[in-house]
Amino acid sequence: MLRPLIAGNWKMHTDINHGAKLVEKLRELVGASEDVEVLIAPPTTSIHHLHFLVAGSPIKLAAQNIHWETEGAYTGEITAEMAHAAGCEYVIIGHSERRAYFGETDEWVHKKLIAAVRGGLKPIVCLGESLEEREAGKALEVIATQLKGALKTLAMGVLKDLVIAYEPVWAIGTGKTASPDEAEEVHAAIREQLYDMLGTEAKVVRIIYGGSVKAANIDELMGKPNIDGALVGGASLKPEDFARIVNFEKS
Ligand code: 13P
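Residues numbered from 1 in each chain as written. Predicted model: local features only at pLDDT ≥ 70, side-chain atom pairs only at ≥ 80, totals over all residues. Heavy atoms only, no water.

Asker: Tell me about the site of the ligand, and please be specific about residues and values.
Answerer: The environment of the ligand is formed by Asn 9, Lys 11, His 95, Glu 167, Ala 171, Ile 172, Gly 173, Gly 211, Ser 212, Leu 231, Gly 233 and Gly 234. A distance of 2.8 Å separates an oxygen atom of the ligand from a polar side-chain atom of Lys 11. Here His 95 contributes a side-chain N or O atom positioned 2.8 Å from an oxygen atom of the ligand. In terms of residue class, the shell around the ligand is built from 3 nonpolar, 7 polar and 2 charged. (Near = heavy atom within 4 Å. Polar contact = N/O pair within 3.5 Å; in protein donor to acceptor, adjacent residues only side chain to side chain. Nonpolar A, V, L, I, M, F, W, Y, C, P; charged D, E, K, R; others polar.)

If you want it as structure tokens, here you go:
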């Protein structure tokens with residue numbers, strides 16, 4: 001049994017003051033949760049401030065994105081090392097919103113994955129098919145291509161802290177969740193491909209689910225053998241809801 005990871009992706013919501021209030025509330029509500037790893041990914045402008053506010057609590061921080069270079073003329077970007085120095089332990093890579101709105105490709109995801117490891121960040125690589133792809137029966141094929149493109153020939157030694165997030169695009173922010181069985185089918189396929197690509201040591205890679213996760217569906221999702229946690233968008237901005245998700249009870 002892997003230690004579950006419950007991560008909140010705040011996306012482009014919350015300024016520093018709002019973020020500080022959310023963290024204050026979360027600290028009260030999630031308590032000293034040892035069994036579950038709790039993570040939030042605030043906007044870049046809040047990371048360093050929140051780093052001080054989560055100190056002494058089990059809440060960890062993730063960046064929502066990084067660039068792959070170590071420095072340079074890349075206006076608007078940050079390096080893995082900068083995110084790490086600001087207080088991040090993790091980074092989200094290849095979120096479907098970045099793929100859709102900012103032209104992120106599998107090749108970029110691969111470069112960012114290497115950069116994350118270089119910069120001391122644990123990577124959360126996001127995969128997900130669109131509605132058209134699912135309806136065409138291509139979900140597993142699309143996921144397999146994205147996973148292969150992200151990892152290429154990297155070995156388990158480099159990827160020891162890897163997390164994979166399966167986020168079907170049609171389930172993000174839509175209120176439509178993949179059913180626990182639909183999610184489990186994809187998670188099991190990802191697990192198998194990880195074994196093929198990385199060997200049996202890949203058993204430590206957590207595969208988390210994202211897409212309209214809420215208090216009402218977390219228990220059933222976490223009851224599935226290959227679902228090792230959740231990447232939560234909207235509900236992570238509501239401390240009571242997020243705390244309930246962290247304190248899931250498998251069903
Ligand atoms: P929602 O939980 O709002 O559907 O967002 C999911 C997501 O994209 C998390 O990264």
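Asker: How would you explain the pairing of strand β7 (residues 206–210) if you had to name every residue and give the values?
Answerer: Within β7, 5 of the 5 residues are buried, which leaves it mostly tucked inside the rest of the structure. The alternating pattern of β7 places Arg 206, Ile 208 and Gly 210 and Ile 207 and Tyr 209 on opposite faces, both of which are buried. One ladder, built from 4 bridges, connects strand β6 (residues 163–166) with β7; its direction is parallel. Each residue of the ladder has a partner; that of Tyr 166, found in β7, is Tyr 209. (Buried < 20%, exposed > 50% of the residue type's maximum accessible area, 1.4 Å probe, protein only. Helix = DSSP H or I, 4+ residues; strand = E, 2+ residues; numbered from the N terminus. Pairing = 2+ DSSP bridges.)

Asker: Got a sec to walk through the sheet that holds strand β8 (residues 229–232)? Specific residues and values, please.
Answerer: The strand order around the closed barrel built from 8 strands is β1-β2-β3-β4-β5-β6-β7-β8, with neighbouring strands paired in parallel fashion. Averaged over all neighbouring strand pairs, the angle between strand axes comes to 25°, with direction disregarded. (Axes fitted to C-alpha atoms, helices over the stretch in contact; angles between N-to-C directions.)

Asker: Describe unusual backbone geometry, and please don't skip the residues or the numbers.
Answerer: Backbone geometry places Lys 152, a non-glycine residue, at a positive phi of 45°. Mapped onto the fold, Lys 152 is located in the loop between α7 (139–151) and β6. Despite not being glycine, Ser 212 has its phi angle at roughly 55°, a positive value. In this structure, Ser 212 sits in the loop between β7 and α9 (218–222). A relative accessible area of 16% means that Ser 212 is categorised as buried.

Asker: Mind laying out the pairing of strand β5 (residues 122–127), listing which residues take part and the relevant values?
Answerer: Among the 6 residues that make up β5, 5 are buried, leaving the element largely enclosed by the rest of the structure. Examined bridge by bridge, strand β4 (residues 90–93) and β5 share 4 bridges and lie parallel to one another. Within β5, the position partnered with Ile 93 by the bridge is Val 125. For β5 and β6, the ladder comprises 4 bridges, and the chain directions are parallel. Bridging from a neighbouring strand, Val 125 pairs with Ile 164 of β6.

Asker: Go over the side chain of Asp 219 with me, naming the residues and quoting the values.
Answerer: Relative to the assigned elements, Asp 219 resides in helix α9. At a separation of 2.6 Å, a polar atom in the side chain of Asp 219 contacts the side chain of Arg 244. Leaving out residues up to four positions away in the same chain, Asp 219 has contacts with Arg 244, Phe 248, Glu 249, Lys 250 and Ser 251. (Contact = heavy atoms within 4.5 Å.)

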